[in-house]
Every structure is written in structure tokens, then in C-alpha cells.
Amino acid sequence: MEIEVKAFAEDLRAIEKTLKEKGAKLTFKGRQLAEYYALPERKNEGDGFVLRIRCEKNKSFLTLKKASGTHGAWIEHETRIEDPAEMRKILFNAGFEKF
């Protein structure tokens, strides 16, 4: 399960310093491209699921993100995909729309 926390930070360096002091480690540095897909009738539902294609460096992943019932927490299942362009075609042909 993943829980995302979004917050405004005036002093990012101070936050990074505090996290390092507490033993946090940076696990990824780079650029990611994320595209989200849903069935048209479920796009605006907060209790459903979405599919995400995420590309970074030379790796791509397909992720199912499903609402867990806890605000801000998602149940995730992820697998590596070889061809993101082909996965997009699969999703479109299965009725999913990008949003």
C-alpha cells in the first residue's frame, strides 16, 4: 500500500536535512513520465481504480492503483512492461481513456 502526502514546503533544504538526519535515503533521482487511464464511466469516481503507465530511464511499468478506503492510500499492483506504446494501444482498445 502506498500513502502519498502532499504539502507546501517553504524550505525544501531544511526538510531534506531533517529527513537525512532521521535516516531517510533517496531511492530515485531522475525524471518519470506518468500517464493515467480509466474507463470513461469511472473517471470521476474516487472509489475505483486507475491504470498508470510510468516510464523512467529505460524501464516502463504498468500499475493498478485502487482506492483502499483510506483517504490518500492506494492499493497498488505493478509489473514491468516491455513496450509502452503497445500497452497504450491495448488500453485504448479495451475502452480505457487517458486523463
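Remember, predicted model here, so these are calculated numbers, not experimental data.

Let us look at the pattern of salt bridges. Here the structure, examined in full by the defined rule, presents nine salt bridges. One salt bridge in this structure joins Glu-56 and Arg-54, with 3.4 Å as the shortest N-O distance. Of the charged contacts, one joins Glu-86 and Lys-89 as a salt bridge, the two residues approaching to 3.8 Å between their closest N and O atoms. Placement of the pair is Glu-86 and Lys-89 together in helix α2 (residues 84-93), with a separation of three residues, close to one helical turn. Of the residues examined, Glu-86 reaches a relative accessible area of 39% and is grouped as partly exposed. What makes Lys-89 partly exposed here is its relative accessible area of 47%. Several salt bridges share partner residues, and in doing so they unite Arg-52, Arg-54, Glu-56, Lys-59 and Glu-78 into one network.

Inspection of the entire model under this criterion finds three aromatic pairs. With a centroid separation of 5.7 Å and 75 degrees between ring planes, the pair formed by Tyr-37 and Phe-92 is classed as edge-to-face. Here Tyr-37 is found in strand β2 (residues 32-38), whereas its partner Phe-92 is found in helix α2, with 55 residues between them in sequence. Classification of Tyr-37 as buried rests on a relative accessible area of 0%. Judged by its relative accessible area of 45%, Phe-92 is partly exposed.

This brings us to the confidence of the model for the protein. Averaged over every residue, the pLDDT of the protein is 88; residues scoring 70 or more account for 89%. When mean pLDDT is taken per element in the protein, α2 scores highest with 98 and strand β1 (residues 2-3) scores lowest with 58.

Right, let's talk about α2 for a bit. All buried positions along α2 are accounted for by Pro-84, Met-87 and Leu-91. When α2 is viewed along its axis, its buried side chains cluster within an angular range of 55 degrees and face the same direction. Buried positions along α2 lie against β2, β3 (49-56), β4 (59-67) and β5 (73-81). Looking at where α2 begins, the residue whose side-chain oxygen comes 3.2 Å from the main-chain nitrogen of Ala-85 is Asp-83. Positive phi appears at Gly-95, one or two residues downstream of α2, with a value of about 100 degrees.

What follows is about the side chain of Glu-56. Along the chain, Glu-56 falls in strand β3. Among the residues examined, Glu-56 registers a relative accessible area of 8% and is labelled buried. A polar contact is formed between the side chain of Glu-56 and the side chain of Gln-32, at a distance of 2.8 Å. Not counting residues up to four positions away in its chain, the partners in contact with Glu-56 are Phe-28, Arg-31, Gln-32 and Phe-61.

So, how was this worked out
Residues numbered from 1 in each chain as written. Predicted model: local features only at pLDDT ≥ 70, side-chain atom pairs only at ≥ 80, totals over all residues. Heavy atoms only, no water. Salt bridge = Lys/Arg side-chain N within 4 Å of Asp/Glu carboxyl O. Helix = DSSP H or I, 4+ residues; strand = E, 2+ residues; numbered from the N terminus. Buried < 20%, exposed > 50% of the residue type's maximum accessible area, 1.4 Å probe, protein only. Phe/Tyr/Trp six-rings, centres within 6.5 Å; stacked < 30°, edge-to-face > 60°. pLDDT = per-residue confidence, 0-100. Arc of directions from axis to C-beta. Contact = heavy atoms within 4.5 Å. Polar contact = N/O pair within 3.5 Å; in protein donor to acceptor, adjacent residues only side chain to side chain.

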